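What the coordinates show
Chain by chain, the residues run as shown.
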Amino acid sequence: MDFFAHLEMPSLCLRDVRRTLAFRAAIEGAVKPGDVVLDAGAGSGILSLFAAVAGAGKVYAVEGDPDLADRLRATVARNGFERVVEVIRGDVRSVSLPGRVDVVVAELIDTWLLDEHQVPALNALRAAGAIDDRTRVLPHRYEAFAAFGEADFGCYGFDLPFPSHDWPDPDGGWHPLPFRPLCEPVRVFDADFAARVAPEFDAAVTVLPTAGGVVNAVRLSGVAHLGESVWLGDTPSFNGVKILPLGKVPVVAGEAVTFRVRGVRGGSRDRGVLSIERVGG
């Protein structure tokens, strides 16, 4: 067993206080006594346990990693919830459930829904009849934003325009990645999980530069809406902001520029995950 490789991400999510408490608040607001709940990609199992404490009659904790699933079964028993929480080892996109669920907790989200399986998983569950229009989905909505600007990709004496996470760095341990936005952030798409979400998106995004310069990068960010008053931007383990290098595009303050933004939610090595290019000019 490659021990830490299996446990690293669930451990980071578990220790991420802002992310975890936001999901707990959303679960407490959504789960009603006796509800059937699906925890899609259960990981450490903390969200399944929150659902059980909130009054769920049954929680299906689906986890694809066999070692994580075994550890999750032990965790559920250790905390006395084995009669409520049933651990299912399998891919949530193909797992067979006894029937529809009242609440699905699906935290399979990376920035812009690109790399993880939130959209394919929810679409597959909907096609299988496990979720429908009555199912309460957490999160229920995701907004994707882009800010175009200038990034300094100088690194150790070289120019290295490399896609990067823009992690917070309170202690100064990361090499800096300066980014100067030349336009206000613009919303690229708004995915509503109450219905099927198209895997591919293709949008024309027009921005009005607030300053002149050369756009050579875009800053990607997003907001996940968990409940009526519960939402999450980026946290240490969730939905991290990313800087993506672009071809150089000179811009003038007040003169609109349009970019074509195409991508695949859930990832696709064959078709490419994300493409951004200027339209005209």
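Here's what I pulled together on the structure shown here. These figures come from a predicted structure and were not determined experimentally.

Here we take up the sheet that holds strand β17 (residues 274-278). Spatially, three strands are ordered β12-β16-β17 in an open sheet, and the strand pairing comes out antiparallel. Two strands lie at the open edges of the sheet, namely β12 (200-207) and β17, each paired on one side alone. Across the sheet, the axes of successive neighbouring strands diverge by a mean angle of 15°, strand direction being ignored.

This part is about the sheet that holds strand β5 (residues 136-138). If you walk across this open sheet you meet the five strands as β3-β2-β1-β4-β5, and the pairing is parallel. The sheet is open, and its two edges are formed by β3 (85-89) and β5, each paired on a single side. On average, each strand axis in the sheet is tilted by 15° relative to the strand beside it, whichever way the strands run. Pairing of strand β2 (residues 58-63) with β3 involves five bridges; the strand directions are parallel.

As a packed pair, helix α2 (residues 17-30) and helix α3 (residues 46-53) sit with axes 9 Å apart at the nearest point and diverge in direction by 30°. In terms of axis orientation, α2 runs roughly parallel to α3. Crossing of α2 over α3 shows right-handed handedness. Here α2 contributes Arg 19, Thr 20, Phe 23, Arg 24 and Ile 27 to the contact with α3, which in turn contributes Ile 46, Leu 47, Phe 50 and Ala 51. Here the residues of the contact of α2 with α3 are counted per class, giving six nonpolar, one polar and two charged.

Following the sequence through the fold, Arg 278 ends up in strand β17. Note: C-alpha distance between Arg 278 and Arg 126 (152 residues apart in sequence) is 36 Å. Among residues more than four places away in sequence, those in contact with Arg 278 are Val 249, Pro 250, Val 257, Thr 258 and Phe 259.

Moving on: helix α5 (residues 118-127). Burial runs high along α5: seven of the ten residues are buried. Those residues of α5 that sit buried are Gln 118, Val 119, Ala 121, Leu 122, Asn 123, Leu 125 and Arg 126. Gly 129 sits one or two positions beyond α5 and adopts a positive phi of about 85°.

The next point concerns α3. When you tally the buried positions in α3, you get seven out of eight residues, the bulk of the element. Turning to α3, its buried residues number three or more, namely Ile 46, Leu 47, Ser 48, Leu 49, Phe 50, Ala 51 and Ala 52. In the stretch just after α3, Gly 55 is the one whose phi turns positive, near 115°.

Here the focus is the packing of aromatic side chains. The final tally for this structure, using the stated rule, is five aromatic pairs. Ring geometry for Trp 112 versus Phe 201: centroids 6.1 Å apart, planes at 65°, classification edge-to-face. In this pair, Trp 112 is assigned in the loop between β4 (103-106) and α5 and Phe 201 in strand β12, connecting sequence segments 89 residues apart. Between Phe 189 and Phe 201, the aromatic rings sit 4.9 Å apart at their centres with planes inclined by 45°, giving tilted as the arrangement. Pair noted here: Phe 189 is in strand β11 (residues 186-192) and Phe 201 is in strand β12, with a separation of twelve residues, a long-range link. Exposure class is identical for Phe 189 and Phe 201. Each is buried.

With an omega of -5°, the peptide bond running from Leu 138 to Pro 139 counts as cis. Examined against the element boundaries, Pro 139 turns out to sit in the loop between β5 and β6 (141-151). The residue Trp 112 is not glycine, and still its phi comes out positive at about 65°. Owing to a relative accessible area of 0%, Trp 112 belongs among the buried residues under this scheme. Positive phi outside glycine occurs at Tyr 156, with the angle close to 55°. Checked against the element boundaries, Tyr 156 lands in the loop between β7 (154-155) and β8 (158-159). For Tyr 156, a relative accessible area of 67% gives the class exposed.

Here the focus is the pattern of salt bridges. Summed over the entire model, instances satisfying the criterion amount to 18 salt bridges. The residue Asp 102 makes a salt bridge to Arg 100 at a minimum N-O spacing of 3.3 Å. Using a relative accessible area of 19% as the deciding quantity, one classes Asp 102 as buried. Residue Arg 180 pairs with Glu 150 through a salt bridge whose shortest N-O separation is 2.9 Å. Linking Arg 180 in strand β10 (residues 179-181) with Glu 150 in strand β6, this pair joins segments that are 30 residues apart in sequence. Through salt bridges with shared partners, a single network forms among Arg 100, Asp 102, Asp 132 and Arg 134.

Here is what the cut-offs are and how they apply
Residues numbered from 1 in each chain as written. Predicted model: local features only at pLDDT ≥ 70, side-chain atom pairs only at ≥ 80, totals over all residues. Heavy atoms only, no water. Pairing = 2+ DSSP bridges. Helix = DSSP H or I, 4+ residues; strand = E, 2+ residues; numbered from the N terminus. Axes fitted to C-alpha atoms, helices over the stretch in contact; angles between N-to-C directions. Parallel < 35°, antiparallel > 145°, perpendicular 65-115°, else oblique. Left-handed = near helix turned anticlockwise from the far one by under 90°. Contact = heavy atoms within 4.5 Å. Nonpolar A, V, L, I, M, F, W, Y, C, P; charged D, E, K, R; others polar. Buried < 20%, exposed > 50% of the residue type's maximum accessible area, 1.4 Å probe, protein only. Phe/Tyr/Trp six-rings, centres within 6.5 Å; stacked < 30°, edge-to-face > 60°. Salt bridge = Lys/Arg side-chain N within 4 Å of Asp/Glu carboxyl O.

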